[in-house]
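# Descriptive analysis of the structure
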Amino acid sequence: MVRPPHHPPSLRNSSVPEHTSPARGPITRVLVCIPTYNERENLPRAVAGVREHAPDADVLILDDNSPDGTGAVADELAAADARVHVLHRAGKEGLGRAYLAGFAWGLERGYDALVEMDADGSHQAKHLPALLSAAEHADAVIGSRYVRGGKVVNWPLSRKVLSVGGNVYTRVLLGMPVSDATAGYRVYRASALHAIDLDSVASEGYCFQVDLTRRAVRAGLAVREVPITFLEREIGDSKMNQDVASESLKRITRWGLEHRAGQVRALTQREPRWHDL
């Protein structure tokens, strides 16, 4: 287990009351899931960072049959380090499908905590000890760009406006007390993943993160946000595109309308106060 820092960072509690959360035991086995598609240059640095900052954690590389040979690089890393594993997937199926495959792999093997981490360098491994320390007292931990102490480096203004606006829209529409619901650097306890019904998750792309966040909040899990510094990738191309953004907007809007409709139904089904007089 990664030893927590002597002075844990302040945490933002973004949860419904914690008494509804599953019982939390100690975290002794950690799996860091790293999905890849055309990340052959970035992957070795990402894995080396995990091994440096969380030496007791295992790594699972989830490669979607990258045409640039990332899968072969992953195999070389696994051959050189018993803590590195590779799951080769048939093709590009989206971020959500990759993480679900990684979660299933880890849960079958008895890991206590599973980490989502990008391969492109935007998620710095130096933040892992703080995220894992926070998970000792939470069910899910989000590495947040938008709580005090968090920040984004080297993003164009247009990308930051899109991200901040998307999070505000998500928070208002879904009524979630989370500042960075779209963030992809996370820790989930195994008990939390069991509680949110992964079998019914159909979202892909970046709205997958919002989907799991809303499920965790709805299940009454303790969700905490820890500030991180997010770095724009230096090598390769971002996977964000118009199709991904459109899918996210449509799904979040639908979830929000369902959430608000449920609130209206609950209000209309209440008995009038005078009825009990």
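Keep in mind that this is a model prediction, so the values were computed, not measured.

### Describing the packing of helix H3 (residues 95-108) against helix H7 (residues 207-218)
Packing of H3 against H7 leaves a shortest axis separation of 8 Å and a crossing angle of 50°. Accordingly, the angle class assigned to the pair H3 and H7 is oblique. Across from Leu 95, Gly 96, Tyr 99, Leu 100 and Phe 103 in H3, the residues of H7 making contact are Phe 208, Gln 209 and Leu 212.

### What to know about the confidence of the model for the protein chain
When pLDDT is averaged along the protein chain, the result is 86, and 82% of the positions lie at 70 or above. Every residue in residues 1-20 scores below 50 in pLDDT, and together they form 50 contacts with partners more than four places removed in sequence or on other chains.

### Observations regarding the pattern of salt bridges
Under the definition given, this model contains nine salt bridges. With a shortest N-O distance of 2.7 Å, Asp 180 and Arg 145 are connected by a salt bridge. One end of the pair, Asp 180, is in the loop between helix H5 (157-174) and strand S8 (186-189); the other, Arg 145, is in the loop between strand S6 (140-144) and strand S7 (151-153), and 35 residues separate them in sequence. Note on Arg 145: relative accessible area 8%, which makes it buried. For Arg 215, the salt bridge goes to Asp 211, with nearest N and O atoms at 2.9 Å. Highlighted residues: Arg 215 and Asp 211, both in helix H7, separated by four residues, approximately one helical turn. What makes Arg 215 buried here is its relative accessible area of 9%. Its relative accessible area of 2% is what places Asp 211 among the buried residues. What emerges from the salt-bridge pattern is a single network uniting Asp 64, Arg 89 and Glu 93.

Procedures and definitions
Residues numbered from 1 in each chain as written. Predicted model: local features only at pLDDT ≥ 70, side-chain atom pairs only at ≥ 80, totals over all residues. Heavy atoms only, no water. Axes fitted to C-alpha atoms, helices over the stretch in contact; angles between N-to-C directions. Helix = DSSP H or I, 4+ residues; strand = E, 2+ residues; numbered from the N terminus. Parallel < 35°, antiparallel > 145°, perpendicular 65-115°, else oblique. Contact = heavy atoms within 4.5 Å. pLDDT = per-residue confidence, 0-100. Salt bridge = Lys/Arg side-chain N within 4 Å of Asp/Glu carboxyl O. Buried < 20%, exposed > 50% of the residue type's maximum accessible area, 1.4 Å probe, protein only.

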